[in-house]
Amino acid sequence: MTSTARMKENASQAGRGGHVLIVDDNTLNQMVLRRALLEHGHTVSTAEHGKAGLDLLRAQHPLIDVVLPDIMMPVMDGFQTLAEIMGDSALRDLAVIMISSVEESDAVIGCLRMGARDYIPKPFNVTSLSALGNRINALLAAKWSRQREAEHAYIMEELTQLITNMDPGEPAPARLFEIGARRDSVGRLARAVERLSHRLNTQAPQTTGRPA
Amino acid sequence: VSDGMSSADVLDRAVFEQMRAAVGEDDEFFCELIETYLSDSELQLASMRMALAERDAASLARAAHSLKSNSAGFGAIPLATLCAELEAAARAGTVAPVGAEITRLESEYRRVERVLQHTLQIERQKEAPTR
């Protein structure tokens, strides 16, 4: 690896980009893909075949965002690897992009039907590598947006529970203030409830203190 | 043009340049790629000979597939074609009659090797004054 590439790898590990797993027994493909992905600011891991790739995925998921399996590999090929990922409820949501040579187009169609998001043809060139970079960025953006939505829904549910269980006259629960520190709409809602509860408590004759 | 023969017969320059462009402007990395190709190819040729001796068609097909894929990437089309033929024969379960094919494939590889070694030499001369 060159020093520039290494620097970029460290930069990506500091939080930018996603984590991509290349599963390919071919050293040259690994080298070219790895370099292109590091250039895009991603963290890159590699595995020699599907079996090793799955072991890594099962140990590291959900830290890995995108998997790039080559279709033809020893021990466990890309088709089988994809089948294993799709059959595993913990891994099913992973974005899989197949690496394939031209003569494997039938296999590629099979993989896309099975749930692979896309494929990159070999040999790689500037256009295909740049398209791969863009595709990965789009998949990451979609993943992160889904995660934000899920987290938002979860906190919203928690806030609803908190509000439902609040008693007038009782100080607002500490968790309400934690949620109120958020900068999104749930945070605004929590702060509104905080103010309301504070007003109710200061107006209520039996309360003396202000909420912390 | 190198070694008194046309390197165009051995390497498709357009594909070769595509590979070069794919790795950006980093000549050092490109040399690293060529070196890896050369050392990997030696390993694959050795596994082919071993697979032939052990009549192991699956290993033969795998080594031929790897060498085919790498060679095609560098534009070594005649070599990749020989590998594809060998891979197909091995997948069909044929091992014994491919001995002659491996010899042909190896001599084609030596031609590719000469052209790539020559390229490496030129690259290193280019790099030398700046380092």
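Bear in mind the structure is a predicted one, so any value in this text is a computation, not a measurement.

Parameters and conventions
- As a convention, each chain's residues are numbered from 1 in the sequence order in which they are written.
- Going through the entries in the order they are written, you letter the chains from A and number the ligands from 1.
- Reporting of local features is limited, given that this is a predicted model, to residues whose pLDDT is at least 70; pairs of side-chain atoms are given and counted only at 80 or more, and all residues count toward the totals for whole chains, interfaces and linings.
- As a convention, hydrogens and water are excluded, and side-chain values are obtained from all of the structure's heavy atoms.
- Runs of H or I in DSSP of at least four residues are treated as helices and runs of E of at least two as strands, each being numbered from the N terminus.
- In protein, a polar contact means a hydrogen-donor-capable atom and an acceptor-capable atom, both N or O and within 3.5 Å, with residues adjacent in sequence counting only if both atoms are side-chain atoms; elsewhere, any N or O pair within 3.5 Å suffices.
- By definition in these notes, contact holds between two residues if any of their heavy atoms fall within 4.5 Å.
- When DSSP finds two or more bridges between a pair of strands, those strands are recorded as paired.
- Helix axes are fitted to C-alpha atoms over the stretch in contact, other axes to C-alpha atoms as well, and angles between N-to-C directions run from 0 to 180 degrees.
- When two parts are put together, the accessible area they lose, computed with a 1.4 Å probe and summed over both, is reported as buried area.
- Salt bridges are defined as contacts in which a side-chain nitrogen from Lys or Arg sits within 4 Å of a carboxyl oxygen from Asp or Glu.
- Note on exposure labels: buried denotes an accessible area under 20% of the residue type's maximum, exposed denotes more than 50%, and partly exposed covers the range between, all computed with a 1.4 Å probe on protein chains only.

A. How the structure looks around the side chain of A:Asn26. Note on placement: A:Asn26 falls in the loop between β1 (19–23) and α2 (27–39). Here B:Asn70 takes part through its side chain, which lies 2.6 Å from a polar atom of the side chain of A:Asn26. Residue contacts for A:Asn26: discarding those within four places in its chain leaves B:Ser66, B:Ser69 and B:Asn70.

B. Structural context of the sheet that holds β1(A). Residues and elements named next belong to chain A. Read across the sheet, five strands follow the order β2-β1-β3-β4-β5 without closing on themselves; strand pairing throughout is parallel. Every interior strand has two partners, whereas the edge strands, β2 (43–47) and β5 (118–122), have only one. Ignoring which end each strand starts from, the neighbouring axes of this sheet average 20 degrees apart. As paired strands, β1 and strand β3 (residues 66–69) are joined by four bridges and run parallel to one another. Across the sheet, residue Leu-21 finds its bridge partner in β3, namely Val-67.

C. Examining the interface of chain B and chain A more closely. Counting residues at the interface gives 23 residues for chain B, matched by 20 residues for chain A. Here chain B and chain A share an interface that buries about 1,800 Å² over both sides, 61% of which is from carbon and sulfur atoms. Considering only the surface of chain B that becomes buried against chain A, B:Ala22, B:Phe29 and B:His65 emerge as the three largest contributors, covering 24% of it. Remark: the boundary between chain B and chain A carries one salt bridge. There are four residue pairs in polar contact (both at pLDDT 80 or more) connecting chain B and chain A.

D. The arrangement of the pattern of salt bridges in detail. Within the structure shown, the criterion is met by 22 salt bridges over all chains. With a closest N to O distance of 3.0 Å, A:Arg58 and A:Asp88 form a salt bridge. Taken as a pair, A:Arg58 in helix α3 (residues 50–60) and A:Asp88 in the loop between α4 (78–86) and β4 (95–101) lie far apart in primary sequence, 30 residues in all. Given the relative accessible area of 43%, A:Arg58 is considered partly exposed. Look at A:Asp88 and you get buried, because its relative accessible area is 17%. Ionic pairing is found between A:Arg135 and A:Asp118, a salt bridge with its closest N-O pair at 2.7 Å. Of this pair, A:Arg135 sits in helix α6 (residues 126–165) while A:Asp118 sits in strand β5, and the two are 17 residues apart along the sequence. Residue class for A:Arg135 comes out partly exposed when judged on its relative accessible area of 29%. Connected through shared salt-bridge partners, B:Glu42, B:Arg49, B:Glu106, B:Arg110 and B:Glu113 make up one network.

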